[in-house]
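# Architecture at a glance
What follows is each chain in one-letter form.
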Amino acid sequence: MQDYNDNKQNGRRQGTRRPASGQASGGQKRRPANGQASGGQKRRPANGQASGGQRRRPANAQAPKGGQARPRPNAAPKTGRRKNPKKKKWKIALFVFEIFVICTLVGACWIMSKANKITHVQISDAEKKEELAIDENIADSEVLKGYRNIALFGVDSRDQKLDKNTLSDTIMIASINLDTKEVKLVSVYRDTWLNLSTDSYNKANAAYARGGYKQAMAMLNMNLDLDVEDFVTIGFDGLIDVIEAVGGIEVDVKQAEIDHINNYQISMCGKQDPDNPTNAKGEPNFIPDPQHRLYKYYKPVGHAGVQTLNGLQATAYARVRYVGNDMERASRQRTVLTKVAKKAMTLNPATLNKIADAVFPKIMTSLDLSEILELLKDIASYDIGETTGFPFEEYMVPNGHVGKASVVVPVDLEKNVTLLHGFLFDDDDYVPSDTVKKCSQKIASDTGISYKGE
């Protein structure tokens, strides 16, 4: 058969022309334009799909061997071809995976950029063994292996010196249940009479001032039979910035706390009064300083009741020590920390970014980047559980004395340590170590207060 293009002249084919009515010469009907052939048979549509589900060769395809390609003058575009669904799904999966990898890398870079602002100190295995006073039997305890215990120190530092020579106004233990992700907080009252890990006894907060974080951690391990190997220290101005970044916290302020909150605000954003440098108690007397970095947050609290406190106000609230006793102040500190943590867990990434920028440069910690990433990975699943103070109220005297010093006395340190392990680790039958028993005897001797039994 001769190709119809061979005899084309002036754009028309020679030979018998099919009439416009669709009637072919010789009485045969031409196939109408809608693709329906005579006799009810469907013509192959212009998109190249043959009847019976077979696909026709496109107009530009090569003809089989021994034949010549037959182009179609008005071939339809190749749109509408059926895609391979398996191939499409594979491409979608690959795209999703690539997006996931990109997001992971961006998140890791973000955390690294923030974490690099933290002052990181490394505690070697040798230092942990020699300087942190961890009893080997405690370290190998099957019960404590299910928990991670981290010391939290809040220090009164206005110049970002977070190591030694500063008193730790806040001493806490954050115990994380590695299975349930429950976090329990214990405040160790700063005036508690304890062994400073050097067989010298004093108020608990003196350990940080004398030997920094290592001695403070050793003090906790020796007196409480713990395995604390890591710590986080923050200055109070860092806490102010954190609370500001979360938008403040809601606190029920008592009438008796208002004057003290306002005085502590001035002490943190002011300067010593040159005309009247000390008050009646011989303590520094401060006046507001408009040039101080924190002065912009200064706003006196004017009334009692539930209200939102800004960073400076809430930090001042946590430092109040003249309403109630050391127990009530520690309770206020746990209230502030818990409210900040719970609010931070609900915030968007932009706000969390502000928090990181505000607090990370004002933190010193033994946690390295991988450990920070591990903790942050499950932050949404953490649950802030119960909080308490140490010593326990029923086995403690808040106003004991050693010489002229007013101290908190753990009445029978052994009993308090047993209660602590029951609270943190559900180990109600815990038997304290010989070290705790010796410390307990010395505390009773120094304070003149001993345990009389049940």
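Residues numbered from 1 in each chain as written. Predicted model: local features only at pLDDT ≥ 70, side-chain atom pairs only at ≥ 80, totals over all residues. Heavy atoms only, no water.

## Section: the sheet that holds strand β4 (residues 147-155)
For clarity, the cut-off: Only strands joined by at least two bridges in the DSSP assignment are considered to pair. Helical segments are the DSSP runs of H or I of at least four residues, strand segments are the runs of E of at least two, and each set is numbered from the N terminus. Throughout, a contact is declared for two residues whenever any of their heavy atoms are within 4.5 Å. A fitted line through C-alpha atoms serves as each axis, taken over the contacting stretch for helices, and the angle formed by two N-to-C directions is quoted from 0 to 180°.
Ordered in space as β3-β14-β9-β4-β5-β6-β15, the 7 strands form an open sheet in which the pairing is mixed. Only two strands of the sheet have a single neighbouring strand rather than two, namely β3 (119-120) and β15 (383-390). Summarising the sheet, β4 and strand β5 (residues 168-177) pair through 9 bridges and their orientation is antiparallel. From the neighbouring strand, Y147 faces β5, where its bridge partner is N177. Packing against the sheet, helix α4 (residues 206-224) makes contact with β4, β5, β6 (182-188), β9 (230-235), β14 (363-365) and β15, and its axis sits at approximately 145 degrees to β4.

## Considering the packing of aromatic side chains
Operational definition: Only Phe, Tyr and Trp rings take part, Trp by its six-membered ring, and two of them pair if their centres are within 6.5 Å. Stacked means planes under 30 degrees apart, edge-to-face means over 60, and tilted covers everything else. The rule is simple: take the accessible area with a 1.4 Å probe, protein chains only, and divide by the maximum for that residue type; under 20% is buried, over 50% is exposed, in between is partly exposed.
For the structure shown, the criterion picks out 5 aromatic pairs. Centroid distance Y213 to F231: 4.3 Å. Interplanar angle 10 degrees. Geometry classified as stacked. With Y213 in helix α4 and F231 in strand β9, the pair connects residues that are 18 residues apart, well separated along the chain. Using a relative accessible area of 10% as the deciding quantity, one classes Y213 as buried. A ring pair is formed by F390 and F392, whose centres lie 6.2 Å apart and whose planes are at 80 degrees; its orientation type is edge-to-face.

## Some thoughts on the pattern of salt bridges
What counts here: When a carboxyl oxygen of Asp or Glu lies within 4 Å of a side-chain nitrogen of Lys or Arg, that pair is called a salt bridge.
Considering all chains together, one arrives at 15 salt bridges under this definition. By sharing partners, the salt bridges in this structure join D169, R190, D191, K203 and R319 into a single network.

## Structural notes on empty space enclosed by the protein
Note the cut-off: Cavities and pockets were defined on a 1 Å grid built from protein atoms only: a cavity is a group of points that admits a 1.4 Å probe but offers it no way out, a pocket is an open group of points flanked by protein on both sides within 12 Å along at least five of seven lines, and a lining residue is one with an atom within 4 Å of any such point. Grid points are joined across faces, edges and corners, and a volume is the space filled by probe spheres set on the points. Ten residues, namely Ala, Val, Leu, Ile, Met, Phe, Trp, Tyr, Cys and Pro, are considered nonpolar, four, namely Asp, Glu, Lys and Arg, are considered charged, and the remaining ones, Gly among them, are considered polar.
Enumeration over the complete set of coordinates arrives at 1 cavity of 30 Å³ or more. The calculated volume of the largest cavity comes to roughly 60 Å³. Every residue along the wall of the largest cavity is listed here: D169, T170, I171, S187, V188, Y189, R190, D326, R329, A330 and Q333. Looking at which element gives the most residues to the lining of the largest cavity, the answer is helix α8 (residues 326-344), with 4 residues. Residue composition of the lining of the largest cavity, by class: 4 nonpolar, 3 polar and 4 charged.

## Topic: the pairing of β6
Along β6, 6 of the 7 residues are buried, which leaves the element largely enclosed by surrounding structure. Strand direction decides the pairing type here: β5 and β6, joined by 5 bridges, are antiparallel. Note that in β6 the partner of I173 across the bridge is V186. With 6 bridges connecting them, β6 and β15 associate as parallel partners. Bridge assignment links E182 to a residue of β15, and that residue is D383.

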